[in-house]
Amino acid sequence: MGEPMLEFNQRPPEPDGRLLYLQGHGGDTSNAAIAAARSGARAGYISAIGDDAPGRAFLRLWEQEGVDASTVKRDPAAPTGIYFVTHDEAGHHFTFYRSNSAAARMMPADVPEAAIRRARILHVSGISQAISTSACDAVFHAITVAKQAGVAVSYDTNLRKSLWPVSRAAAVMHAAVAMADIALPSLEDAQALTGLDSPDAIADFYLKLAPLVLLKLGAEGAMVATPQGRRTIPGRRVKAVDATGAGDTFAGAFLARHLAGDAPEQAALYANTAAALATTGYGAVAPIPRADAVRAAMASAARLG
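Remember, predicted model here, so these are calculated numbers, not experimental data. (Residues numbered from 1 in each chain as written. Predicted model: local features only at pLDDT ≥ 70, side-chain atom pairs only at ≥ 80, totals over all residues. Heavy atoms only, no water.)

A word on the overall build of the protein chain
Just so we agree on the cut-off: A run of H or I in DSSP counts as a helix once it spans at least four residues, and a run of E counts as a strand once it spans at least two, with each numbered from the N terminus. Atoms counted for the radius of gyration: C-alpha only. Globule rule: 2.2 Å times residue count to the power 0.38. Whether two residues are in contact is decided by their heavy atoms: any pair within 4.5 Å suffices. Residue burial considers only the protein chains on display, and all accessible areas are found by Shrake-Rupley using a 1.4 Å probe. Here the positive residues are Lys and Arg and the negative ones are Asp and Glu; neither His nor the chain ends is included. Each charge is placed at NZ for Lys, CZ for Arg, CG for Asp and CD for Glu.
Counting its secondary structure elements, the protein chain contains 11 helices and 14 strands. A globule of 305 residues ought to have a C-alpha radius of gyration of about 19 Å, and the protein chain, at 18 Å, matches this closely. Considering only C-alpha atoms, the protein chain reaches an extent of 55 × 55 × 35 Å along its principal axes. Counting only contacts in the protein chain whose residues sit at least 6 apart along the sequence, the fraction spanning at least 24 positions is 69%. As displayed, the protein chain has an accessible area near 13,200 Å², and 53% of this comes from carbon and sulfur atoms. Positive and negative side-chain charges of the protein chain, numbering 28 and 29 respectively, have mean locations separated by a distance of 5 Å.

Below you can see the structure in the form of structure tokens.
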């Protein structure tokens, strides 16, 4: 559940210095749903889109990817959000145009309760709650519906400081994580949200809120933490060109394998490989690997290792 956004991703400069942008699709939870579907899970999406070209592009995308969009609301009075990705020596940077978007207008009454009750996991994020007060309330309502129905909840922090103050983000996110079964913070997010620095201290913090913590460490891999212990899955070295959506790929791939019955460490190993492969191309969605590519990469690494 969250907000899809049409993406314009900066390509390397042309020989004459021109900067061209590759049109694609983004939105963290939409990316995660697609990553889960490409890894073999059945996925659906809860959101709202405008009656516009970007909105129709997402409907085509979800149909192509096998993501059920029957719970996506069409709002003729609001646009679908867009964003631009630029790149420099410091990494990738986002510029968002989402004010009063269709997804930001979602309210608790828009939550498709029956669809949530039929699911096995509800996946939401900090961005799902940051885009507006009504969207924040809608996510809390969706989580409550899920918990009452015995549906697991997965929460990815995905902190965007441009959307809300860190103090408010921390209060809202940690209240939501305390209702979740799986927490998916990144190290950078968690350092800002908790004031802690070390991965172990951060894992201790989130284990007080949720029973399974996947701490994303970027190029260094991921830490899998439970009350029984923790293990760090090393990062995979690839020729990365664009990290946009890598964390979303990790989330969706992990959830797919978790639902398939993998132990958390094995699911995290798969997700870590998927996320690494997702950085080898431009855009949030296009480079998300399918299960056969992830398996091949894992087998190759095992032979070399």
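Concerning the side chain of Thr 273
Turning to its location among the elements, Thr 273 is positioned in helix H10 (residues 264-278). Beyond its immediate chain neighbours, meaning those up to four positions away, Thr 273 contacts Arg 236, Val 294, Ala 297 and Met 298.

A short note on the sheet that holds strand S2 (residues 21-26)
To keep it simple, the criterion reads: When DSSP finds at least two bridges between two strands, those strands are taken to pair. Structural elements are reduced to axes, namely lines fitted to C-alpha atoms, with helices fitted over the stretch in contact, and the angle between N-to-C directions of any two is expressed from 0 to 180 degrees.
Strand order in this open sheet of 4 strands is S2-S1-S7-S8, and the pairing throughout is mixed. Edge positions in the open sheet fall to S2 and strand S8 (91-97), since each of these has one partner strand only. Direction aside, neighbouring strands of the sheet carry axes that sit 25° apart on average. Relative to S8, strand S7 (residues 81-88) runs antiparallel, the two sharing 7 bridges. For Tyr 83, the partnering residue across the bridge sits in S8 and is Phe 96.

A word on unusual backbone geometry
Selection criterion: Only protein chains enter the calculation, and the probe is 1.4 Å; a residue is then buried if its accessible area is under 20% of its type maximum, exposed if over 50%, and partly exposed in between.
Even without glycine at this site, Asn 100 takes up a positive phi of about 60°. In this fold, Asn 100 is placed in the loop between S8 and helix H3 (113-118). With phi around 40°, Asn 158 is a residue other than glycine that occupies positive phi space. Residue position: Asn 158 is located in the loop between strand S10 (152-156) and helix H6 (166-177). With relative accessibility at 10%, the residue Asn 158 sits in the buried group.

Structural notes on the sheet that holds strand S14 (residues 229-234)
In spatial order, the strands read S9-S10-S11-S12-S13-S14; together these 6 strands make up an open sheet with mixed pairing. Two strands lie at the open edges of the sheet, namely strand S9 (121-125) and S14, each paired on one side alone. If you compare each strand with its neighbour and ignore which way they point, the axes differ by 15° on average. Summarising the sheet, strand S12 (residues 212-216) and strand S13 (residues 221-226) pair through 4 bridges and their orientation is antiparallel. Its bridge partner being in S13, Lys 216 is matched across the sheet by Ala 222.

Description of the packing of H6 against helix H7 (residues 187-194)
The cut-off we apply is this: Small angles under 35 degrees read as roughly parallel and large ones over 145 as roughly antiparallel, with 65 to 115 read as roughly perpendicular and the rest as oblique. Under the convention adopted here, Pro, Cys and the residues Ala, Val, Leu, Ile, Met, Phe, Trp and Tyr are nonpolar, Asp, Glu, Lys and Arg are charged, and Gly plus all remaining residues are polar.
Relative to each other, H6 and H7 sit at 105°, their axes nearing to 9 Å. Classified by the angle between their axes, H6 and H7 sit roughly perpendicular to one another. Judged by residue contacts, Val 166, Ala 169, Ala 170, Met 173 and His 174 of H6 engage Ala 192, Leu 193 and Thr 194 from H7. Grouping the constituent residues of the contact of H6 with H7 by class yields 6 nonpolar, 2 polar and no charged.

Quick notes on helix H1 (residues 28-38)
One full turn of an α-helix is made of 3.6 residues, so residues set three or four places apart face in the same direction. By the criterion of burial, H1 is predominantly enclosed, with 11 of the 11 residues buried. Listing the buried residues of H1 in full gives Asp 28, Thr 29, Ser 30, Asn 31, Ala 32, Ala 33, Ile 34, Ala 35, Ala 36, Ala 37 and Arg 38. Following H1 by one or two positions, Gly 40 adopts a phi angle in the positive range, close to 105°.

Focus on the pairing of S10
Short version of the rule: The crossover handedness rule: strands pointing away from the viewer, path from first strand over the helix to second strand clockwise, crossover right-handed.
Most of S10 sits out of view: 4 of its 5 residues are buried. Bridge count for S9 against S10 is 5 bridges, and the pairing is parallel. When the bridges of S10 are listed, His 123 appears paired with Ser 154. Sheet analysis places S10 next to strand S11 (residues 182-184), joined by 3 bridges and oriented parallel. Residue pairing across strands places Asp 156 opposite Leu 184, the latter belonging to S11. Following the backbone out of S10, through H6 and into the adjacent parallel S11, one traces a crossover that is right-handed.

Section: the packing of aromatic side chains
Given two aromatic rings, one states the distance between the centres and the angle between the planes to describe the pair. Our working rule: Aromatic contacts are taken between Phe, Tyr and Trp rings whose centres are within 6.5 Å, Trp giving its six-membered ring; a plane angle under 30 degrees counts as stacked, one over 60 as edge-to-face, and the others as tilted. Comment: the charge-over-ring label is applied if NZ (Lys) or CZ (Arg) is within 6 Å of the ring centre and within 35 degrees of the ring normal.
All chains considered together, the criterion is met by 10 aromatic pairs. Ring centres of Phe 58 and Trp 62 lie 5.3 Å apart, and the angle between their planes is 35°; on these two criteria the pair is classed as tilted. Residue Phe 58 and its partner Trp 62 are both found in helix H2 (residues 53-65); the two are separated by 4 residues, about one turn of the helix. Each member of the pair, Phe 58 as well as Trp 62, is classed as buried. Sitting over the ring of Phe 96, Arg 98 keeps its end group 4.6 Å from the ring centre. Across the ring face of Phe 94, the terminal group of Arg 160 is positioned such that the distance to the ring centre comes to 5.3 Å.

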